[in-house]
Amino acid sequence: MREVVLVLAFVGAALLGYKLISEVPSLIHTPLMSGMNALSGITVVGALTATGLALATGSKLAGFAAIVLAIINVVGGFLVTHRMLRMFKSERRRNS
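**Regarding a nonpolar patch on the surface**
Taken together, the side chains of L16, L20, I21, L32, M36, L39 and I42 present a nonpolar region at the surface, about 670 Å² in accessible area. For the nonpolar patch, the secondary-structure elements that each account for two or more residues are α1 (2–22) and α2 (29–53). Of all the elements, α2 adds the most residues to the nonpolar patch, at four residues. Along the chain, the position of I42 falls in helix α2.

Now the structure itself:
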């Protein structure tokens, strides 16, 4: 029964997240992404803390995977944000 509740909570969160993000105007996507990158940095800190306190080898491996995935999320988010911000620079400033 517990697993069913967890799966339903995940599905509900995914649907709610999709609905919220789809309603965001395209004009504020870049600032929103920058804010989310900051929150993803907190995820990295949480993964590091959980991995450091883990006792079992399986937990340490899962923590390591969480660290790697969270860092990929942060770096990818900043790369996409940087690319989007470059689109708003003038041609003269872009070449210098």
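**Examining helix α3 (residues 57–86)**
Taking 1.5 Å of rise per residue, 30 residues should cover 44 Å, and α3 covers 44 Å from first to last C-alpha, within 8% of that figure. Within α3, burial applies to G63, I67, A70, V74, G77 and T81.

**Re the confidence of the model for the protein**
Looking at the protein as a whole, the pLDDT averages 83, with 91% of positions reaching at least 70. The least confident element of the protein, judged by mean pLDDT, is helix α4 (residues 91–95) at 63; the most confident is α1 at 89.

**Focus on the environment of L79**
Tracing the sequence through the fold places L79 in helix α3. Looking at L79, the relative accessible area reads 55%, which means it is exposed.

**Quick notes on the side chain of T51**
One can find T51 in helix α2. Residues within four places of T51 in sequence aside, it is in contact with K60, G63, F64 and I67.

**Description of the side chain of S40**
Note on placement: S40 falls in helix α2. Judged by relative accessible area, S40 falls into the buried class, the value being 11%. A polar contact of 3.1 Å, which involves the side chain of S40, links it to the side chain of N73. Apart from residues lying up to four places away in sequence, S40 is in contact with N73 and V74.

So, how was this worked out
Residues numbered from 1 in each chain as written. Predicted model: local features only at pLDDT ≥ 70, side-chain atom pairs only at ≥ 80, totals over all residues. Heavy atoms only, no water. Patch = residues over 30% accessible without salt bridge, like charges linked within 9 Å, V, L, I, M, F, W, Y side chains within 5 Å. Areas by Shrake-Rupley, 256 points an atom, 1.4 Å probe, with all protein chains shown as cover. Salt bridge = Lys/Arg side-chain N within 4 Å of Asp/Glu carboxyl O. Helix = DSSP H or I, 4+ residues; strand = E, 2+ residues; numbered from the N terminus. Expected span 1.5 Å × (residues − 1). Buried < 20%, exposed > 50% of the residue type's maximum accessible area, 1.4 Å probe, protein only. pLDDT = per-residue confidence, 0-100. Contact = heavy atoms within 4.5 Å. Polar contact = N/O pair within 3.5 Å; in protein donor to acceptor, adjacent residues only side chain to side chain.

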